[in-house]
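One letter stands for each residue in the lines below.
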Amino acid sequence: MRGGHSPFKPRPRRSWRAPGELLNFTLYFLCAVLLVLSRIGHGAVTDARESFVDLTAPLLEAASTPVIMGRNAVSRAWSYSGLFGEIDRLKAENEQLKHWESRAKLAERNITHLRSLLNAVDEPALHFTTGSVIADARGPFLRSALVNLGRDQGVRIGYAVINGDGLVGRTVDAGASVTRVLLLNDLNSRIPVLVGHAGVRALASGDNGAELKLDFLPDGASVHPGNEVFTSGSDGVLPRGLRVGVVTGSPGAFRVRPHADLSALDVVSVLFFDAPALTRTDPPPIAVDRALSPSPDDTKVPAAVTSSVEPPPMDAEIKQAGASATTPVEGVAQAPQ
Amino acid sequence: MNATLPVLSVLVAVLATAAPWGLPAEATFILPLVVVMMVFCWRALPGTVFPAYLALLLGLLMDIVSGGPLGFWALMALIAASAGGRTPSLADSQDVNRLWLVWAGVAVLIAVISWLLGSLYFLRFIDLWPIALGAGASILLFPVVLRGVVWIKRGKLRPKLYRGWT
C-alpha cells in the first residue's frame, strides 16, 4: 500500500474552499428530491402546491386581467379588419341556421312524442358554475389552466369543464378558491368518446399537441374525417354527450380537433356531475357539509344522492354555459342529448 | 446593489408567464425560458446580487403555478444561475456576442435536459418540437431580454461598460 492511500488511514479531508459549491450541490440535490416526490405524487407536495396556488391566486388574477383584455382587444381589431367579409359569412351562416332551426324543431317534436310513447325518463339536469381562467400552464409536461373556482363554489376533482364551444378538460386539483383544469390535449388526458352517427367507441388521448389522438378504434369502424366526437360517459367520470371535436386525419392516423380553442381559454364552466367513480377518486373535500352537493347552495343533500339524477329546481335560473362573466356564476343546464 | 431588483423583476416575469397569453400549444416553452434567461442575465451582469437559492425559489414558484413537476423549472433556473455566475461578465469581456453564444449553449443544454427529464418522468419519449422551438426562440430573444435587464438596472451601471447597450 506504499505510495498510495491506505484504506485504513483516513483520507485527507477535502476542504470546501468555496461554500457556494456545497450550497449549489445541496440545491441541485433538493431539485432532484422534489422531482422524485412529485413523480410519486407525495401527499405533502400536493397539499403544499394546492395551498400555495390558493395563496397566489389573487396575484395571478391581477396578472391575467390585463393580458386577457389585451388579447380581446387584438382579436377585436383583427375582426374589424375583415368586417365586411365577416358580415357576408354570417349572413350565409344565418340562412343555414334558420334551415337547421326548422329541422331541429321538427326533430324535437318527434323526440318528445316518441319519449312520451316510451315513458322514457327525462335526462338529468347538470348544475354548473362559471368562472374565468386566471393562469395557463407552460412547459413540456402539462397542459392545464387555473380557474377562479374552488371547493368554496362546490367544485371537486374530476368534474368536466366546458366552454361555449365544447369540452375543455376536467378538474384535477381543487383548492378553496382555485381549481386546476387538465386540458384535453395534455399528455395525461384520456377521454372515452363516441365517434360519428354510428357511435363508434374510442379513446381520445392528448399528446401535448393541438389535436388529440384517436386510439382503440375497433377494426373496420366506420369513421371519417369530419365526424363529430362526443364523450361516451363510459369512464363514469364525465357526462355522456359533451361535444369534444371533429375527426381529422386519415385512416390509421385519425385525430380529433377539439371544438374549444384550448390555447385561448377565457371563460369556462364546471359541470357538477357526481358520478359514482368520483366518490372513490376524490379525497374528502374541505367542507364536509358540501360533499357531493349538486350545487353550492344545496348542501343538505346526503352524499348518496347526486345532483345528476335529480331534476333541476323549478325556480332555478337556466344559464348558458360559457356565458361571458368575470366572476363565478352558477346555473343549471339540461344534460346534453 | 442587493438582490431586490433582480428578484422582483424575475418574480414579475414568472407571474407574467402564467397569464393566459393565448399562445399555441407548440409555443408554451418559450415564456418559461425567458424567465430562465433573465436569471442567466442577472447572474452574468457585474455588480448584481442574485443568489442561486433565490433562483431556485423563483423556479419553484414557476413549477407551482404551471402545475408541472415540482423541481423542474427550479432545476432549469439553477442551471442558468450556475452558468451565468461562471460566465465572464460583460464588464470583463465587454462583448455581448460572447454572452449570447454562452446562452445559446445553455439553452441547448436546458432543452436536452428538459426532454430527457420529461421522457423519464412520463416513461415515454415526449415531443421534442416545442422544446426545440422554445430553445431557438430564447436564443433569438436573448439580446432583447438582456437589453431589458440592463434597462431595469440602468442608473447603477457605468455606461462605458456596455457599448451600445445603455
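Rules and cut-offs
Residues numbered from 1 in each chain as written. Chains lettered and ligands numbered in written order. Predicted model: local features only at pLDDT ≥ 70, side-chain atom pairs only at ≥ 80, totals over all residues. Heavy atoms only, no water. Domains from an automatic or database assignment. Buried area = accessible area lost by both parts, 1.4 Å probe. Polar contact = N/O pair within 3.5 Å; in protein donor to acceptor, adjacent residues only side chain to side chain. Nonpolar A, V, L, I, M, F, W, Y, C, P; charged D, E, K, R; others polar. Contact = heavy atoms within 4.5 Å. Salt bridge = Lys/Arg side-chain N within 4 Å of Asp/Glu carboxyl O. pLDDT = per-residue confidence, 0-100. Core = buried A, V, L, I, M, F, W, Y, C linked by side-chain atoms within 4.5 Å. Buried < 20%, exposed > 50% of the residue type's maximum accessible area, 1.4 Å probe, protein only. Helix = DSSP H or I, 4+ residues; strand = E, 2+ residues; numbered from the N terminus. Pairing = 2+ DSSP bridges.

Now for the domain arrangement of chain A. Residue and element names in this part refer to chain A. Here the domain parsing of chain A yields domain 1 (38-122) and domain 2 (127-281). One C-alpha centre belongs to domain 1, the other to domain 2; they are set 12 Å apart. Summed over both sides, the interface of domain 1 with domain 2 buries roughly 1,000 Å², with 51% coming from carbon and sulfur. Interface area lost by domain 1 to domain 2 is led by Glu 50, Asp 54 and Arg 71, which between them contribute 42%. Run the count over domain 1 and domain 2 and you get six residue pairs in polar contact (both at pLDDT 80 or more). Residue composition of the side of domain 1 that touches domain 2, grouped by class: four nonpolar, three polar and four charged.

Turning to the interface of chain B and chain A, a few remarks are in order. Taken together, the contact pairs 45 residues of chain B with 48 residues of chain A. Of the roughly 4,000 Å² buried between chain B and chain A on both sides combined, carbon and sulfur atoms contribute 67%. When the area that chain B buries against chain A is broken down by residue, the three leading residues are Pro 20, Leu 70 and Tyr 121 of chain B, summing to 17%. Applying the counting criterion to the chain B and chain A interface returns zero salt bridges.

Residues and elements named next belong to chain A. For chain A, the mean per-residue pLDDT works out to 77, and 74% of the residues sit at or above 70. Confidence drops under pLDDT 50 across residues 1-9; counting only partners more than four residues distant or on other chains, this segment forms three contacts. Taken as a whole, residues 286-327 scores under 50 in pLDDT and shows 70 contacts with residues more than four places along the chain or in a different chain.

Here the focus is the nonpolar core. Core analysis: the largest hydrophobic core is formed by 76 residues, its most contacted members being Val 10, Val 36, Phe 50 and Trp 103 of chain B. Composition of this core by domain shows at least three residues from each of domain 1 (38-122) and domain 2 (127-281) of chain A. Sequence-distant contacts of Val 10 of chain B, defined by excluding residues within four places in its chain, comprise Val 35, Met 38, Val 39, Trp 42, Phe 50 and Leu 58 of chain B. Among the nonpolar cores identified, the runner-up in size contains 41 residues, and Val 155, Tyr 159, Val 200 and Leu 265 of chain A belong to it.

Residue position: Ser 64 of chain A is located in helix α2 (residues 43-81). A residue is classified by how much of its surface remains accessible, and Ser 64 of chain A, at 2% relative accessible area, is buried. Within the local environment of Ser 64 of chain A, its side chain forms a polar contact with the backbone oxygen of Glu 61 of chain A, the two atoms lying 3.0 Å apart. Ignoring sequence-local partners within four residues, the contact set of Ser 64 of chain A consists of Val 133 and Ile 134 of chain A together with Ala 19 and Pro 20 of chain B.

Take the pairing of strand β1 (residues 125-136) of chain A next. Residue and element names in this part refer to chain A. Taken across its 12 residues, β1 has 12 buried, putting it largely inside the fold. Pairing analysis gives six bridges linking β1 to strand β12 (residues 267-272), with the strands arranged antiparallel. By the bridge assignment for β12, Ser 132 is matched with Val 267. Of the pairings in the sheet, the one linking β1 to strand β2 (residues 144-147) comprises three bridges and is antiparallel in character.

Quick look at the environment of Val 35 of chain B now. Residue and element names in this part refer to chain B. Summarising the element assignment, Val 35 is placed in helix α2 (residues 30-44). Each C-alpha atom, one on Val 35 and one on Ala 83, is 15 Å from the other, the two residues being 48 residues apart in sequence. Not counting the four nearest positions on each side in its chain, Val 35 is found in contact with Val 10, Ala 13, Val 14, Thr 17 and Met 62.

The next point concerns the pairing of strand β11 (residues 255-258) of chain A. All names here are of chain A. The alternating pattern of β11 places Val 256 and Pro 258 on a buried face and Arg 255 and Arg 257 on a face that is not buried. By the bridge criterion, two bridges tie strand β8 (residues 212-215) to β11 in an arrangement that is antiparallel. Following the sheet pairing, Lys 213 is matched in β11 by Arg 255. Where strand β10 (residues 243-248) and β11 come together, four bridges link them in antiparallel fashion. In the sheet register, Gly 245 faces β11, and the bridge partner there is Pro 258. Count of turn residues in the β10/β11 antiparallel hairpin: six residues, of which Gly 249 carries a positive phi of about 85 degrees.

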